[in-house]
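Survey of secondary and tertiary structure
The lines below spell out each chain.
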Amino acid sequence: MSTTKIGWIGLGKMGIPMSDNLLKAGYPVTVYNRSKDKEEAVTAKGARTASSPASLIEHSDVVVVMVSDDRAIHDIFLGEAGLLSAKTTGKIIINMSTVSSAISREMSILCSNQNNHYLDAPVSGSVKQAESAQLVIMVGGEENIYEKVKEVLERLGKLTLLVGGVGAGNAAKLAVNSMIGFYTQGLAEAVVFAQKNNIKVEDFLTIINNGALANIYTKTKGEAILNNNFEPAFYLKHIYKDLGLARDQGLNTPLGEAAYESFRQAEKTLGNEDLVAIIKQFASSK
Ligand code: NAP
């Protein structure tokens, strides 16, 4: 039973199963979510709630943040009753959201000005991996701070890796997600192309899933395509956000530009569906 007091901010698709894993591991967990109704999923399992990020950090040793984007990070750290408005020192804040390296560096400086510590620790894997604590966690920050919280991160993932200083975790994650964007677009375009040439989608996916390109992603997203099931595991609006962040951080390459543009278009109508819903955009184009 660990005595490290965890504060958890952000109870979305990922935050709920991840914070639940820390509860299961025996950590005392206090949660904060902007929309209060989502807190019930974890309070029912023993989490306490805090009325604001400031109140949460006052009652925690380690604060984990798992929210959508740079804007959300800004609000959580610098908003009214935000994390940085609390008069605390010596806390470790782990930002696991997929955000820019720039906002991590900015928040890290503000944290250290108050003698608190910041790590960026975004994750690879989706809701299933979050539920089964099989995420891959890439960390940016100081090694001695990382060592202090490694045990907590190990309860959330199958691999945690320190990849550099603050912002390096975010850069690694944006590189991974760029590949996810390219891959999803590639799969969708290939399926639509095969179909237009009178190949059954089922047959095409069977071929893919038995060849050199077979992998868990093709299998899962192939099933989603076959079943016309675009329930979001990973929101299309989030991959659009990530491709935009990667582009701002230097991914102005042929594939980078093409994927960004495709998902930018799709986000207008398909943003709240799973990212593989991009196939609908290609299927409807002549
Ligand atoms: P989600 O279900 O959309 O949840 C987003 C969370 O952020 C919610 O708790 C939301 O609060 C909060 N939030 C958004 N804007 C906010 C603001 N301005 N102030 C305070 N809170 C705010 O997202 P998710 O799928 O859990 O993803 C969380 C992060 O993990 C994202 O950065 C995403 O890119 C990344 N990620 C996702 C996956 C995946 O498969 N889903 C995989 C790897 C990484 P409300 O409930 O009040 O809206």
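Along each chain, the written sequence defines residue order, and numbers are assigned to residues from 1. Local features are withheld for residues below a pLDDT of 70 in this predicted model, meaning they are given only at 70 or higher, and side-chain atom pairs are given and counted only at 80 or more; totals for whole chains, interfaces and linings count all residues.

Here's the deal with the site of the ligand
Filter applied, for reference: Throughout this description, a residue near a molecule or strand is one whose C-beta atom, derived from the backbone, lies within 6 Å of it. When residue character is reported, Ala, Val, Leu, Ile, Met, Phe, Trp, Tyr, Cys and Pro are called nonpolar, Asp, Glu, Lys and Arg charged, and the others, Gly included, polar. How far each domain reaches was decided by an automatic or database domain assignment.
Close to the ligand lie 25 residues, the nearest being G12, R34, S35, A72 and S126. Of the residues assigned to the shell around the ligand, the class counts are ten nonpolar, ten polar and five charged. Mapped onto the domain boundaries, the shell around the ligand takes at least three residues apiece from domain 1 (6–165) and domain 2 (171–284).

A word on the environment of G181
Filter applied, for reference: Strands are runs of DSSP state E lasting at least 2 residues, helices are runs of H or I lasting at least 4, and numbering of each runs from the N terminus. Whether two residues are in contact depends on their C-beta atoms, placed from the backbone: they are in contact if these lie within 7 Å.
By the secondary structure assignment, G181 is in helix α8 (residues 168–196). Distance from G181 to F193, taken between C-alpha atoms, is 18 Å for residues twelve residues apart in sequence. Sequence-distant contacts of G181, that is, excluding residues within four places in its chain, are made with I239, L243, A259 and F263.

Considerations on the nonpolar core
Cut-off, in case you're wondering: For our purposes the nonpolar core covers buried Ala, Val, Leu, Ile, Met, Phe, Trp, Tyr and Cys residues that link as a set through C-beta atoms within 7 Å. Once C-beta atoms are placed from the backbone, each residue is buried if 20 or more other C-beta atoms lie within 10 Å of its own, exposed if 12 or fewer, and partly exposed for counts between those two.
Residues V63, V64, V65, I94, L236, F263 and I278 are the most contacted members of the largest nonpolar core, which totals 77 residues. Shared between two domains, this core holds at least three residues of each, these being domain 1 (6–165) and domain 2 (171–284).

So, the domain arrangement of the chain
Per the domain assignment, the segments of the chain are domain 1 (6–165) and domain 2 (171–284). On a C-alpha basis, the centroid separation for the pair domain 1 and domain 2 is 28 Å. Domain 1 puts ten residues into the contact, and the matching count from domain 2 is twelve residues. The residue makeup of the side of domain 1 that touches domain 2, split by class, is four nonpolar, five polar and one charged.

Here's the deal with the pairing of strand β8 (residues 135–140)
Convention followed: Here, a strand pair is defined by DSSP locating no fewer than two bridges between the strands. By convention a crossover is right-handed if, when the strands point away from the viewer, the path from the first strand over the helix to the second runs clockwise.
By the criterion of burial, β8 is predominantly enclosed, with five of the six residues buried. When strand β7 (residues 123–124) meets β8, the two strands line up antiparallel, connected through two bridges. The residue bridging V123 from the neighbouring strand is I137, located in β8. With six bridges connecting them, β8 and strand β9 (residues 157–164) associate as parallel partners. By the bridge assignment, V139 is partnered in β9 with L162. Viewed along the sheet, the connection from β8 through helix α7 (residues 143–154) into β9 turns out right-handed.

Some details on the pairing of strand β2 (residues 29–32)
Two faces belong to every sheet, and in a regular strand the side chains alternate between them. On β2, burial covers both faces: V29 and V31 on one face and T30 and Y32 on the other are all buried. The pairing of strand β1 (residues 6–9) with β2 spans four bridges and is classified as parallel. Note that in β2 the partner of I6 across the bridge is V29. Where the polypeptide runs from β1 across helix α1 (residues 15–24) and back to β2, its parallel neighbour, the crossover connection is right-handed. Here β2 runs beside strand β3 (residues 48–49); their pairing, made up of two bridges, is parallel.

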